[in-house]
Amino acid sequence: MKQSRWQQATYRHPYLFALLLLVAAFIANALLQPNLLEPTTLNRNMRVFLPLILVAVGQAIVMIGGGIDISVGSIVSVVNAILATQIGLSGDLSTAGVMMGVALLVGMGAGALNGLFIAYLRLQPIITTFATSFIYAGLALFILPNPGGGAPSRLTAFYRETIILWLPLAFYVIALILLIWAVVRRTRYGRYLYAVGGKADAAYETGVPVRAVQFSTYVISGLMAALGGIAMTLLTGSGNAQVGDPLTLSSITAAVIGGTPLSGGAGGVAGPIMGAIILGLIRNIISFANVATWWQTFVNAAIIVLALAMPGIINLVRRRTR
Amino acid sequence: MPPLLAVRNVAKRYGAVQALIDASLDVDAGETLALIGANGSGKSTLSKVINGVVAPDRGQLLLDGRAVRFDSPHAAKDAGISTVFQELSLVPQLTVAENIWLTREPLRRGGLIDRRTERRRTEELLSLFAGTLRADLTPDTPVFALLPDERQIVEILKAISVNPRLLILDEATASLDSRQVQRLFELIGQWKAQGTAIIFISHRMTEIEQIADRYSVLRNGQTVGAGSMKETTASDLVTLMAPETAGGAVERRRASPDALATRRVVLQIEDLRTSVLRGVSMQVHEGELLGIGGLKGQGQRDLLLAIFGGVPWSGRMTLDGKPVHFTHPRQAMNHGVALVPGDRAGEGLLSIRSILENLLVPSWRNYGFPLRMKRARQDAAAIAARLEVKMASLDAPVSSLSGGNAQKVVIGKWLLRNPRLLLLDDPTKGVDIATKAEFYRLLTRLCEEGTTVILYSSDDEELIGLSDRVLVMHDGRISSELAGAALTTANLVAASLGVSAGVAL
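Rules used throughout
- Residues numbered from 1 in each chain as written.
- Chains lettered and ligands numbered in written order.
- Predicted model: local features only at pLDDT ≥ 70, side-chain atom pairs only at ≥ 80, totals over all residues.
- Heavy atoms only, no water.
- Helix = DSSP H or I, 4+ residues; strand = E, 2+ residues; numbered from the N terminus.
- Rg over C-alpha atoms; globule rule 2.2 N^0.38 Å.
- Buried < 20%, exposed > 50% of the residue type's maximum accessible area, 1.4 Å probe, protein only.
- Contact = heavy atoms within 4.5 Å.
- Areas by Shrake-Rupley, 256 points an atom, 1.4 Å probe, with all protein chains shown as cover.
- Pairing = 2+ DSSP bridges.
- Buried area = accessible area lost by both parts, 1.4 Å probe.
- Salt bridge = Lys/Arg side-chain N within 4 Å of Asp/Glu carboxyl O.
- Polar contact = N/O pair within 3.5 Å; in protein donor to acceptor, adjacent residues only side chain to side chain.
- Phe/Tyr/Trp six-rings, centres within 6.5 Å; stacked < 30°, edge-to-face > 60°.
- Lys NZ or Arg CZ within 6 Å of the ring centre and 35° of its normal.
- Expected span 1.5 Å × (residues − 1).
- Arc of directions from axis to C-beta.
- Patch = residues over 30% accessible without salt bridge, like charges linked within 9 Å, V, L, I, M, F, W, Y side chains within 5 Å.
- pLDDT = per-residue confidence, 0-100.
- Axes fitted to C-alpha atoms, helices over the stretch in contact; angles between N-to-C directions.
- Lys, Arg positive; Asp, Glu negative; His and termini not counted.
- Charge placed at Lys NZ, Arg CZ, Asp CG, Glu CD.

Peer 1: In this structure, what is going on with the overall build of chain A? I would like to understand it.
Peer 2: Looking only at helices and strands, chain A has 14 helices and four strands in total. Taking 20 Å as the expected radius of gyration for a compact globule of 322 residues, we find that chain A reaches 20 Å, a close match to that expectation. Projected onto its principal axes, the C-alpha positions of chain A cover 65 × 50 × 35 Å. Burial analysis of chain A (322 residues in total) assigns 50% to the buried set. Residue pairs in contact within chain A that sit at least 24 positions apart in sequence constitute 79% of those at least 6 positions apart. Carbon together with sulfur atoms contributes 69% to the accessible area of chain A, which is approximately 14,800 Å² in total.

Peer 1: Would you mind going over the pairing of strand E13 (residues 289–293) of chain B with me for this structure?
Peer 2: Taken residue by residue, a regular strand's side chains alternate between the two faces of the sheet. Residues and elements named next belong to chain B. The buried count for E13 comes to five of five residues, which makes it a mostly enclosed element. Relative to strand E18 (residues 452–456), E13 runs parallel, the two being bridged by four bridges. The partner of Leu-290 across the bridge, within E18, is Ile-454. Where E13 lies against strand E19 (residues 469–474), four bridges are found, and the strand directions are parallel. Bridge pairing links Leu-290 to Arg-469 in E19.

Peer 1: Before we go on, may I ask you to explain the interface of chain B and chain A in this structure?
Peer 2: It is common to give the size of an interface as the accessible area that goes away when the parts come together. Counting residues at the interface gives 28 residues for chain B and 23 residues for chain A. Between chain B and chain A lies a buried interface of about 2,500 Å² when both sides are counted; carbon and sulfur atoms form 56% of it. The largest per-residue losses of area from chain B upon contact with chain A belong to Gln93(B), Thr103(B) and Phe144(B), which jointly make up 22% of the total buried on that side. The tally of links between chain B and chain A comes to three salt bridges. Taking the shortest distance from any N to any O, the salt bridge between Arg188(A) and Glu105(B) comes out at 2.9 Å. Along the contact surface separating chain B from chain A lie five residue pairs in polar contact (both at pLDDT 80 or more). At the level of elements, helix H2 (73–78) and helix H4 (115–127) of chain B are the ones that each hand at least two residues to the side of chain B that touches chain A. No other element matches H2(B), which puts three residues into the side of chain B that touches chain A.

Peer 1: Mind showing me how you'd approach the packing of aromatic side chains here?
Peer 2: Aromatic ring pairs are described here by two measures, namely the spacing of the ring centres and the angle between the planes. Counted according to the given criterion, the structure contains three aromatic pairs over all chains. Where Phe130(A) meets Phe134(A), the ring centres are 5.1 Å apart and the plane angle is 80 degrees; that geometry is what we call edge-to-face. Remark: Phe134(A) and Phe130(A) occur in helix H6 (residues 125–143); sequence separation between them is four residues, near one turn of the helix. When the ring centre of Trp101(B) is taken as origin, the NZ or CZ atom of Arg121(B), which lies over that ring, is 5.7 Å away.

Peer 1: Hey, could you run me through H6(A) in this one?
Peer 2: Residue and element names in this part refer to chain A. Look at H6: 26 Å from first C-alpha to last across 19 residues, which is about the 27 Å you get at 1.5 Å a residue. What H6 keeps buried is the set Pro-125, Thr-128, Thr-129, Thr-132, Ser-133, Tyr-136 and Ala-140. Along H6, the residues classed as buried sweep out an arc of 135 degrees about the axis, all on the same side. What points out from H6, more than 90 degrees from its buried face, is the exposed set Ile-127, Phe-134, Ile-135 and Phe-142. Summarising the contacts, the buried residues of H6 are in contact with helix H4 (72–86), helix H5 (93–120) and helix H11 (210–236).

Peer 1: Please explain the environment of Leu272(B) as it appears in this structure.
Peer 2: Residues and elements named next belong to chain B. Its location among the elements puts Leu-272 in strand E11 (residues 265–273). Accessibility expressed as a relative area gives 0% for Leu-272, which makes it buried. Separated by 34 residues in sequence, Leu-272 and Ala-306 place their C-alpha atoms 8.4 Å apart. Dropping the residues within four chain positions of it, Leu-272 is found in contact with Leu-277, Arg-278, Gly-279, Val-280, Leu-303, Ala-306, Trp-313, Ser-314 and Met-317.

Peer 1: I would appreciate a short explanation of a nonpolar patch on the surface in the present structure.
Peer 2: All names here are of chain A. On the surface, a nonpolar cluster with roughly 580 Å² of combined accessible area is contributed by Leu-19, Val-23, Phe-26, Ile-27, Leu-31 and Leu-37. Examined against the element boundaries, Phe-26 turns out to sit in helix H2 (residues 16–32). Taking the relative accessible area as the measure of exposure, Phe-26 reaches 30% and is therefore partly exposed.

Peer 1: Explain the confidence of the model for chain A to me, please; I cannot follow it from the model alone.
Peer 2: In regions of low pLDDT, the predicted coordinates are not meant to be interpreted in detail. With 94% of its residues at a pLDDT of at least 70, chain A reaches an overall mean of 88. For chain A, the element scoring lowest by mean pLDDT is helix H1 (residues 5–12) of chain A, at 67; H11(A) scores highest, at 95.

Peer 1: Explanation requested: the sheet that holds strand E15 (residues 322–323) of chain B in the structure shown.
Peer 2: Residues and elements named next belong to chain B. The four strands lie next to each other as E12-E11-E14-E15, forming an open sheet whose pairing is antiparallel. Strands at the two margins of the open sheet, each flanked by one partner only, are strand E12 (278–285) and E15. With six bridges connecting them, E11 and E12 associate as antiparallel partners. Residue pairing across strands places Arg-273 opposite Arg-278, the latter belonging to E12. Docked against the sheet, helix H10 (residues 300–307) engages E11, E12 and strand E14 (314–319), running at close to 115 degrees with respect to E11.

Peer 1: Even after reading the chapter, I still don't get unusual backbone geometry, so can you show me in this structure?
Peer 2: Across residues other than glycine, the phi torsion is negative in most instances, and most of the peptide bonds are trans. All names here are of chain B. In this structure, Asn-418 is a non-glycine residue whose phi angle is positive, near 50 degrees. Among the structural elements, Asn-418 can be located in the loop between helix H15 (403–415) and strand E17 (421–425). Asn-418 sits in the exposed class, given a relative accessible area of 57%. Phi is positive for Asp-475, close to 55 degrees, though the residue is something other than glycine. Among the structural elements, Asp-475 can be located in the loop between E19 and strand E20 (477–483). The class of Asp-475 is partly exposed, set by a relative accessible area of 42%.

Peer 1: Help me understand a positive patch on the surface, please; the structure alone is not making it clear to me.
Peer 2: Residues Arg185(A), Arg186(A), Arg108(B), Arg115(B) and Arg116(B) make up a contiguous surface patch of positive charge. Here Arg115(B) shows up in helix H4. Residue classification places Arg115(B) among the partly exposed residues on the basis of a relative accessible area of 42%.

Peer 1: Can you help me understand the pattern of salt bridges in this one?
Peer 2: When charged atoms on two side chains of opposite charge get close, those side chains can pair. Residue and element names in this part refer to chain B. All told, the structure shown has 27 salt bridges over all chains when counted by the stated rule. For Arg-120, the salt bridge goes to Glu-124, with nearest N and O atoms at 3.4 Å. In this pair, Arg-120 and Glu-124 are both assigned in helix H4, four residues apart and thus about one turn of the helix distant. By relative accessible area, which is 44% here, Arg-120 ends up partly exposed. Classification of Glu-124 by relative accessible area gives partly exposed; the value is 45%. The salt bridge partner of Asp-320 is Arg-420, with a shortest N-O separation of 2.0 Å. Of this pair, Asp-320 sits in the loop between E14 and E15 while Arg-420 is found in the loop between H15 and E17, placing the two residues 100 residues apart along the sequence.

Peer 1: Looking at this structure, I do not really get the pairing of E18(B). What am I missing?
Peer 2: Residue and element names in this part refer to chain B. Most of E18 sits out of view: five of its five residues are buried. In E18, alternate side chains face the same way, and those of Thr-452, Ile-454 and Tyr-456 on one face and Val-453 and Leu-455 on the other are all buried. As defined by bridge partners, E17 adjoins E18 across five bridges and the pair is classed as parallel. The residue of E18 that forms the bridge with Leu-422 is Val-453.

Below is the structure:
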């Protein structure tokens, strides 16, 4: 089968569509908010985007491996509930450190449970994680029935105000993620991930440990969701057992915009990061444009449909013009 | 010295089908063994037993004289047995290099993949087929962008990259062009010289004669002969694969060619072309049972689909003297043409729904709105009685039926529409003998009642036993027509393989 030039380009650079969209969204946002590039404005935006960026990276890794994780939002909520109740507004830094470690373990444990069901018991990813998302959401409500608690201002200030060399903290986190990803892509694990997501039967026939790879993607996703939960807690400085809910669909949207197909085996991490930023910028644009907030949901949905349909639309147009 | 690999008395059963009864073979280091047999003789199953995809029910594998058991393809690969699979084992999204070295990537210290070495080794492998591949095919080309022949070559390179002791080539030449095949044969010569044993499975007699040192013949799951290629001829091998036998399970009186010629022509096709077919012309008479034979994948399925309007085609087609050009199966159905698909479970039946519903799926629109259920039920009951479907009631789910009765439902649902032309796509594949016999009686009766049948079957004996005439297809064309006294299994096998020696046509 002959591949179109767009397909070839997106194979080599899965984030191409995201990059175009990012530039467009950035320009539109900059027109409405001229000081967008000033360090403080940049920081004010990026610190809001960071939780979704972290969650979307984990989601993208699951999707590359051929799965999907609907429970990430609930994991964020659990982590937020734990931190807000256990550290509290007047907590000291050592408790905070311990509790963040606990939060990461909880996230990985939740991911491991997902992975156990999906990789070893061979349940459907979408159903399994949808079901476990209720377990985790229930757990969050059990820990924190009513919004409350929080994190000490010294910690939240570190998250909110850190700017090193004109660049906000979020940029360094992104750089670190990209660096780790660049290394992972050059390891066997990286290859296995794409092989399992691309064609699990063929990978198995070749001797790839398919189940272990699938399992690992959910653990990574749980870990990234826990990191997202920590970021979310430090951003808001308060506890709310439903704070993670919107992140699930947003993380899938970000991954899809970022060139990670729902069918697996392709994509990367840079695209979903851009995808998460795009979603944030769109929210900005909508609030600056003074339109009703339901437009945000509408635009998000329109973008995910467009991103999914893009290759098909291009093929259709090509066939018509031939 | 024991042979590198010895297979002893292997048997394997898939449900109702006994794929292997008693298969044995020996292969030594540095030789090429041709594993040959007609369609459905068990070649692929035997190769799957050897490479660990399938566990045998009985029998032994001896590697260097020691009994071995492979629980997975991976275990066989660790023992030095590498297979070029018919169903490709490549991941489309990965590149050529990534696919070839998957799980065996060269690593640098620290665990990172040494992409330069990987690239160089891939280029070395690709250079084996230099000149027969596109110039822009590099180690970094993603596999989804490759053509079928290029994928097959990558598959071969992946199998050989482990330096196997035994290489199984299962129909590996089927999608290669002649230059690529010649190149592969030169390479097989080199690998043999290095001591690799090769099992070569192919339908193409000329290739077997060219490359094999020894042969082993399978017939109906049994090894019926083995020896040196030097001491045999192509026609001897054909006789081994398909001996002259009387009839077999199938009993149907053939209409003589002369009698057929006096009947009305139902379907006439001239110069039919599709992406697969390359100019097919034929005619079928009323009440005739026309067989379509040949090796698998020579365009038989496309021919049926084209008649049914399932694939785009060019050429001329007349049905009952009127020119037709169906572009959608619905049009063909409205003209009394029905296609019974080969994959019963997948395409033919809704297995959890009732027999009644399944029978009526193509005909609901004849029963108005709201559906006249009483009449529908009467019609379904009539057809079920006519086909002698053994069932608890019309409301029982299809899954409660035996294979043969389920097959009757597949055909019955089309008979409800009173087709004049019935197209059958390998209808008895994976069906047990008793069911087949019932099915043959049904076809015989349908033809007597004036229905015209075009039957494609991968079972040669069935074709010979049932058909009034058989058209043998090769490479999208009709290569020969067998009728009357020339309609024998041996002739059909020989014609399929393109051998004419000892064949009285």
